[in-house]
Amino acid sequence: MKNKTVIITGANSGIGKEAALKFAKENYTVIMACRNMDISRRVHEQITKESNNEVELMELDVSSFESIRKFCSDFQNRYEQLDILIHNAGYFNHGEPYRESADGIELTFATNVMGPFLMTHLLLGQLRKSEDPRILFAGSNIIKHFFDPKRKIDFLDCRHEQIIKSFTVYKMYAQSKMALTLLTFKMAEKFEPFGIKVNALQINGARMSKETIKKFKPKYKLVAWVQNLFIPPASYMADKYFKICTAEQFKHTTGKLFNDKPEVMQPSPKEYPGFIKQMKQILGTRVYPAYPENTNVSDKLWAICAELTGNPIIADEKQQADPKIV
Ligand SMILES: NC(=O)c1ccc[n+]([C@@H]2O[C@H](COP(=O)([O-])OP(=O)(O)OC[C@H]3O[C@@H](n4cnc5c(N)ncnc54)[C@H](OP(=O)(O)O)[C@@H]3O)[C@@H](O)[C@H]2O)c1
């Protein structure tokens, strides 16, 4: 597929690395957007060799607004258009204490939500030049916690040190992945006039790389090794990224959450379906919690993302008013 350009964030390990290899083998122009350049250079060399394709490596820390701005500006100087944007990078270091990004935002939210929000807006102009632009978010089955009707995104958590005492990365990760599900639906609605399709894949497990496990605290390392015995390799999910972002059958699909078949998932009915049905929903992969259907929450999330990222929406609104502005 010559002349189609794809950006994959966090492409130096796990699913992102396998996705970069897959797209490169299929002859796409691949931009690996990576933070740890020591590891990334080695991986980049390996992918280039194995795919026999020119793959580009560009530096990006998706938790830092400055880094995102620099990345997008470098990209815009070199590439006319962008066809596929895959927000794969994710922060989930088991056992880590509360940490903030360079911009003073809780690190899980900064990496998994605010960064992708800003980056997408800054790349809108390039996406709009594609005749079939697609955006994909790496979601997670951790959002199943929201089948519990008491679960909600605590908006204080993404920017307030008062949560330090009750903080766990696990809880924050679940909130951040639910937030990006909400963003997926909202972006799909907002970017529909531009023909940009926005979807998410609910990942229910992919083997973790040695590099990723190395980052965990000792007791979590063992859990990860055991877990790895029962879940598919990262290439399995990378193939789903490829299918959702390239298949003709999904050309007009937007605002959807996919399972790993990949099939479009459905929201759970708002009323409690009874114990047995709910267990089926929790164990299955066809239904997701109704929480993201709540437009008050997604409006609030959108407003907070806009505020914290310096309001890139203003540019977006100008574009809506005049489709020629990029
Ligand atoms: N594996 C699973 O079972 C599973 C389940 C549900 C969801 N997911 C989601 O799937 C996606 C890929 O996960 P994976 O299993 O392939 O994990 P992985 O091997 O740990 O890959 C994560 C990638 O994200 C990058 N990253 C983290 N923070 C970054 C930042 N601030 N800027 C740029 N890159 C950053 C990492 O780069 P560094 O080397 O610089 O850290 C790494 O390349 C993630 O979004 C994850 O949440 C995975």
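See the structure shown above.
Description of the structure in this document. (Residues numbered from 1 in each chain as written. Predicted model: local features only at pLDDT ≥ 70, side-chain atom pairs only at ≥ 80, totals over all residues. Heavy atoms only, no water.)

Side note on the nonpolar core
Then comes step 1: The biggest cluster of nonpolar side chains holds 62 residues, and the ones touching the most others in it are Ile7, Phe71, Phe75, Met119 and Ile153.
Then comes step 2: Every element with two or more residues in this core is listed here: β2 (29–34), α3 (65–78), α4 (107–122), α5 (124–128), β5 (134–140), α6 (169–191), β6 (197–203) and α11 (295–308).
Then comes step 3: The element best represented in this core is α6, accounting for 13 residues.
Then comes step 4: Leave out the neighbours within four places in its chain, and Met119 touches Ile7, Thr9, Leu60, Val62, Ile68, Phe71, Cys72, Leu85 and His87.
Then comes step 5: If you look at the next biggest cluster of nonpolar residues, it comprises 35 residues, including Ile8, Ala20, Tyr28 and Val55. (Core = buried A, V, L, I, M, F, W, Y, C linked by side-chain atoms within 4.5 Å. Buried < 20%, exposed > 50% of the residue type's maximum accessible area, 1.4 Å probe, protein only. Helix = DSSP H or I, 4+ residues; strand = E, 2+ residues; numbered from the N terminus. Contact = heavy atoms within 4.5 Å.)

Let's talk about the environment of Arg99
Then comes step 1: With respect to the helices and strands, Arg99 occurs in the loop between β4 (84–87) and α4.
Then comes step 2: Residue Arg99 is classed as partly exposed on the basis of its relative accessible area of 37%.
Then comes step 3: When the C-alpha positions of Arg99 and Phe167 are compared, they lie 9.8 Å apart, and in sequence the two are 68 residues distant.

Section: the packing of helix α1 (residues 14–25) against helix α9 (residues 234–246)
Then comes step 1: It is the contact of α1 with α9, at a shortest axis distance of 8 Å, that shows an interaxial angle of 55°. With respect to their mutual orientation, α1 and α9 come out oblique. The chirality of how α1 crosses α9 is right-handed. Residue-level contacts link Gly14, Ile15, Glu18, Ala19, Lys22 and Phe23 of α1 to Ala234, Ser235, Met237, Ala238, Asp239, Tyr241, Phe242, Cys245 and Thr246 of α9. (Axes fitted to C-alpha atoms, helices over the stretch in contact; angles between N-to-C directions. Parallel < 35°, antiparallel > 145°, perpendicular 65-115°, else oblique. Left-handed = near helix turned anticlockwise from the far one by under 90°.)

With respect to a nonpolar patch on the surface
Then comes step 1: A contiguous nonpolar patch, built from Tyr272, Phe275, Ile276, Met279 and Leu283 and spanning about 620 Å² of accessible area, is present on the exposed surface.
Then comes step 2: Note on Met279: relative accessible area 32%, which makes it partly exposed. (Patch = residues over 30% accessible without salt bridge, like charges linked within 9 Å, V, L, I, M, F, W, Y side chains within 5 Å. Areas by Shrake-Rupley, 256 points an atom, 1.4 Å probe, with all protein chains shown as cover. Salt bridge = Lys/Arg side-chain N within 4 Å of Asp/Glu carboxyl O.)

In short, geometric facts, not functional conclusions.
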